[in-house]
Structure formats: structure tokens, C-alpha cells
Amino acid sequence: MSAKTPNPLVAYTIEARAAKIDDPVARLRYLRQSAALRATKDAKPGRIAKWHWALGAAFLLAGIAVLPMRGVFFQPAAANTASKAPIVRRPPKLDQAALAKVADNGKIWQVESTRDYEEYSNGLRIEKKYAIGNRPRAGYRLFDRANPSATRFQMKNEIAGIVFHTTESHMAPFHKDANDSLRRAARNLLAEVQINRSYNYVIDRFGRVWRVVEESDVAWHAGNSIWADDSGIYVNLNDSFLGISFEAQTYNENKQAIATDAQIHSARLLTDMLRAKYKIAALNCATHAQVSVSMASMGIGYHTDWAGNFPFAALGLPDNYKLALPAVWAFGFDYHQTFIDATGGQPWPGLKLAEQNLQEQAALARIPAAQYKQKLQQSYKQLITALYGPIHGDEEQSNES
Ligand SMILES: [Zn+2]
């Protein structure tokens, strides 16, 4: 997420704090260490298990392992010899599974709505205790897929997709003995998310679905971000996408499942309801790590929540890690070894697809791939500058997108 106006008095989620760290290696190390530290600090003395020590050692080793950050797949950009002529992209083709939308076939409807909750015919129950407004969603620009620029777009105002997050907040052991800690952690998290307007929905570890920012309003969840579907390219997704966060840590201490079974079950119900309500295509259900970019480093994965292991299949979605990554094919963003480490060492198939597309486009344009990529990056910077003014850093352009 990205906070609107940083307030030193407000306790931020670890994810938000991590967002302030520009260096990707340092950021990943911070996330991992925070997970370990908070787990250790918050545990009752008698409950500090041996695995905390093993975990600390593992984080230390992981931190050392990612130190030699290196770019992959791409050569360093050549000197700027790019001409002024606009480049026309040939975006990768999308398959039918990715394009599939859930038709509103009358099977999911609201059964009951009270002051405290909503219930739906598919079993979904939404708790409203923490629901709050924010700035209403505004019309947004959907940019041309072949030639995204400040002058080539159509204005849209419908919700187009969902970005999935993890809160990276404190995780008590998921056990009945820790029930009080689990309930307290959820309450504290929800209060924090409400203050910061961080997400539209939070799914706590018991699978309870909490509405925070109303669907009609913007949550500050996506930050600088890029996505694309068959109709165009989305830049900075707060106005166009809903944000759903699992109370979970992508940087899982002991390699267990990131989300609980209850969370996955509820996420399926919520996703189905929202997809039917807004006719959201399968490919527009993506994780924060897939959409997040850094303007400072022109790298993908500024945020790395759900960089791997997102339960697409369990949520009735195709594996969107296989989609050619828009930030790469549309705007030439780089990725680094740190990011590959964040995925669990398994680069998404969609990264390679996007890279292949970029190489093909460069060949068709008869210019070296590095130069072509530089032109793509230049087009992104021009677009952002035209929309928001001069680029200063990573957390400034996106909040009022
Ligand atoms: Zn996130």
C-alpha cells in the first residue's frame, strides 16, 4: 500500500514502512527481519519456540544470499540514442481463460444487509464494523495498448479488477492456545488499516471478511503500479482496482502456507461476489507484487506481497503468474535477483513471456533490445510526468492517481 500523508504518530503496517525503503535488497531484508522480530517480541516468553532461532539464522543467511543483486535477462541500457518517434507495441495475445468474466447469472445476491454485516447467497458474510469512506473513486485513464501516452487513452470509471495483498503484520501461532493473541492482532490490524485507508477488504486469519474502505471509494493500496487487459493499460490502480488483503505474511517464517484454509475459502466467496458484481475478468485479479513498480529504479516488484504462492486455482482463477507481465512488455521495467528471491526462487513464467515479447518487438523495430527497452522506459516517464508532474520518488505520484 502507499499512505496518503505520512503521519509519524500513526503506527504503519510493516508493508507500508517497507515501502519507504528505496533499496530493494534492504527492503526485502527489512521485511524478513521484521517478521522475525515481531514474532519474537510479541510472543509470550514461555512460547518462544526453537524455530525462532532457526528462523533468525535463516533470515541472516537469506540476507547474505541476496546481497549481490544483479540484473537478469537484460543488458544495461545503451546510451540514449532513441529517436522521438513513438513506438508501437505488439502486446502478447491473451487466452480465453485469462479473459473469462463471471457473468452476473443471478446466483450471487445479497441476502441481508444490516448495520453490522452483509450476507450473500454464496455464503459470503462481510463484517462492517470497520467500514469507512475515503475519496470517491474518480474517472481514470485507460491507456492505448499499442501506444500508451498522455494523449492516447479513454476515460473509464468502472471497477476493473482486484489487487491481492498480504498485510505483513504480526502473526501469532495459528492455534487455539493463541486465540486471544489472534483476535487482538486482527483488531489492531483493522484499526490501523482503517486509519490509513489501506485496503477495501481485509480477510483475517479466521476467514472473517472485513470491509474497510467502501467499494465506491479509493483505498491507498496499489501505489505506483501497472496492469493491462485486452482493452488497455492501467497506470496506478487505486481508482480502477479493489484492494483485498490477507492478514498474512508473504515472508513466511517456516515455509507453511501463507494463508489459512479459512482465509482461502472466504477469499473465494468474496472474489466470486466482486467478480460477478463488477464483471471482472480473470486476468484482472493480480497480486501486488505483479502490479507494483519502482519509478526510482525502474524495477518491478517495489512491493513484493504475494510474489509467489498465490492460491489462484483455489480462488477459481487461472494462474496469472503465467501472464506476460505488463510492466515489462509495455514499459520496459527491469527485474533483479532480489525480486526472483522474493518469488521463492521461481521466476514467473509471465516474466519470460514478457521478455520474449520485448525481444520480438525490438527485432521488428530493428533496434537492439536494450535500446528498445530504454524507449519503453522513456515513454513511461513521459506519461507519468505528463499526468503528475516531475518524478521525485516512489511514493508521491500514485496517491491521487
Ligand atoms: Zn500490498
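Source: prediction; values computed, not measured.

## Examining the pattern of salt bridges
So, step 1. Per the stated rule, a full pass over the model turns up 13 salt bridges.
So, step 2. Close ionic contact of Glu-118 with Lys-128 constitutes a salt bridge, the shortest N to O distance being 3.5 Å. Within this pair, whereas Glu-118 is found in strand S2 (residues 117–120), its partner Lys-128 is found in the loop between strand S3 (125–127) and strand S4 (140–143), the two being separated by 10 residues in sequence. Like Glu-118, the residue Lys-128 is buried in the burial classification.
So, step 3. Taken together, the salt bridges that share partners define one network made up of Glu-118, Lys-128, Arg-211, Glu-215 and Lys-277.

## Concerning the side chain of Gln-263
So, step 1. Following the sequence through the fold, Gln-263 ends up in helix H6 (residues 261–278).
So, step 2. Apart from the residues within four sequence positions on either side, Gln-263 is in contact with Ile-203, Asp-204, Arg-205, Gly-207, Phe-246, Glu-247 and Ile-258.

## What about the environment of Glu-215?
So, step 1. As for its placement among the helices and strands, Glu-215 is situated in the loop between strand S8 (209–211) and strand S9 (226–229).
So, step 2. Glu-215 sits 16 residues away from Tyr-199 along the chain, and the two C-alpha atoms are 9.7 Å apart.
So, step 3. Setting aside anything within four residues of it in sequence, one finds Glu-215 in contact with Arg-137, Ile-159, Asn-200, Tyr-201, Leu-242, Met-273, Leu-274, Lys-277 and Tyr-278.
So, step 4. Separated by 2.8 Å, the side chains of Glu-215 and Lys-277 make a polar contact.
So, step 5. Within the local environment of Glu-215, its side chain forms a polar contact with the side chain of Tyr-278, the two groups lying 2.5 Å apart.

## Some thoughts on helix H5 (residues 179–196)
So, step 1. With 18 residues, H5 extends 26 Å between its outermost C-alpha atoms, agreeing within 8% with the 26 Å of an ideal straight helix rising 1.5 Å per residue.
So, step 2. Taken together, the buried positions of H5 are Ser-181, Leu-182, Ala-185, Ala-186, Leu-189, Leu-190, Glu-192, Val-193 and Asn-196. Down the axis of H5, the buried set is contained in an arc of 165 degrees. They therefore lie on one face. Exposed and facing more than 90 degrees away from the buried side of H5 are Asp-180 and Ile-195.
So, step 3. Buried positions along H5 lie against strand S7 (201–203) and S8.
So, step 4. Where H5 terminates, the next one or two residues include Arg-197, which has phi positive at roughly 50 degrees.

## Some points on the confidence of the model for the protein chain
So, step 1. With 76% of its residues at a pLDDT of 70 or more, the protein chain has an overall mean of 83.
So, step 2. Low pLDDT, under 50, characterises residues 1–12; the predicted model gives this stretch 35 contacts beyond four residues in sequence or across chains.
So, step 3. When the criterion is pLDDT under 50, residues 39–82 qualifies, and its contacts beyond four places in sequence or with other chains add up to 54 contacts.

## Quick look at the nonpolar core
So, step 1. In this structure, Leu-270 and Tyr-380 are the most contacted members of the largest nonpolar core, which totals 80 residues.
So, step 2. Among the elements that line this core, the one with the most residues is H6, at 6 residues.
So, step 3. Setting aside residues no more than four positions away along its own chain, Leu-270 makes contact with Leu-124, Ile-126, Tyr-201, Ile-203, Val-209 and Ile-244.
So, step 4. Residues Tyr-130, Val-193, Trp-210 and Val-212 belong to the second largest nonpolar core, which totals 10 residues.

## Looking at the sheet that holds S2
So, step 1. On the basis of which strands lie adjacent, the open sheet formed by 8 strands has the order S1-S2-S3-S8-S7-S11-S6-S12 and mixed pairing. Edge positions in the sheet fall to strand S1 (110–113) and strand S12 (285–287), since each has one partner strand and no second. Each strand of the sheet is rotated relative to its neighbour by a mean of 25 degrees, with strand direction disregarded.
So, step 2. Alignment of S7 against strand S11 (residues 241–246), held across 3 bridges, turns out to be parallel.

## Here we look at the sheet that holds strand S10 (residues 232–235)
So, step 1. Strand order in the open sheet formed by 4 strands is S5-S4-S10-S9, with antiparallel pairing between adjacent strands. Looking along the sheet, the strands with just one partner apiece sit at the ends: strand S5 (153–156) and S9. This sheet shows a mean twist of 35 degrees between the axes of neighbouring strands, independent of strand direction.
So, step 2. Note that S4 and S5 share 4 bridges and pair antiparallel. Note on S5: the bridge partner recorded for Arg-141 is Met-155.
So, step 3. Seen against the sheet, helix H11 (residues 369–388) touches S4, S9 and S10 and runs at an angle of roughly 60 degrees to S10.

Conventions we followed
Residues numbered from 1 in each chain as written. Predicted model: local features only at pLDDT ≥ 70, side-chain atom pairs only at ≥ 80, totals over all residues. Heavy atoms only, no water. Salt bridge = Lys/Arg side-chain N within 4 Å of Asp/Glu carboxyl O. Helix = DSSP H or I, 4+ residues; strand = E, 2+ residues; numbered from the N terminus. Buried < 20%, exposed > 50% of the residue type's maximum accessible area, 1.4 Å probe, protein only. Contact = heavy atoms within 4.5 Å. Polar contact = N/O pair within 3.5 Å; in protein donor to acceptor, adjacent residues only side chain to side chain. Expected span 1.5 Å × (residues − 1). Arc of directions from axis to C-beta. pLDDT = per-residue confidence, 0-100. Core = buried A, V, L, I, M, F, W, Y, C linked by side-chain atoms within 4.5 Å. Pairing = 2+ DSSP bridges. Axes fitted to C-alpha atoms, helices over the stretch in contact; angles between N-to-C directions.

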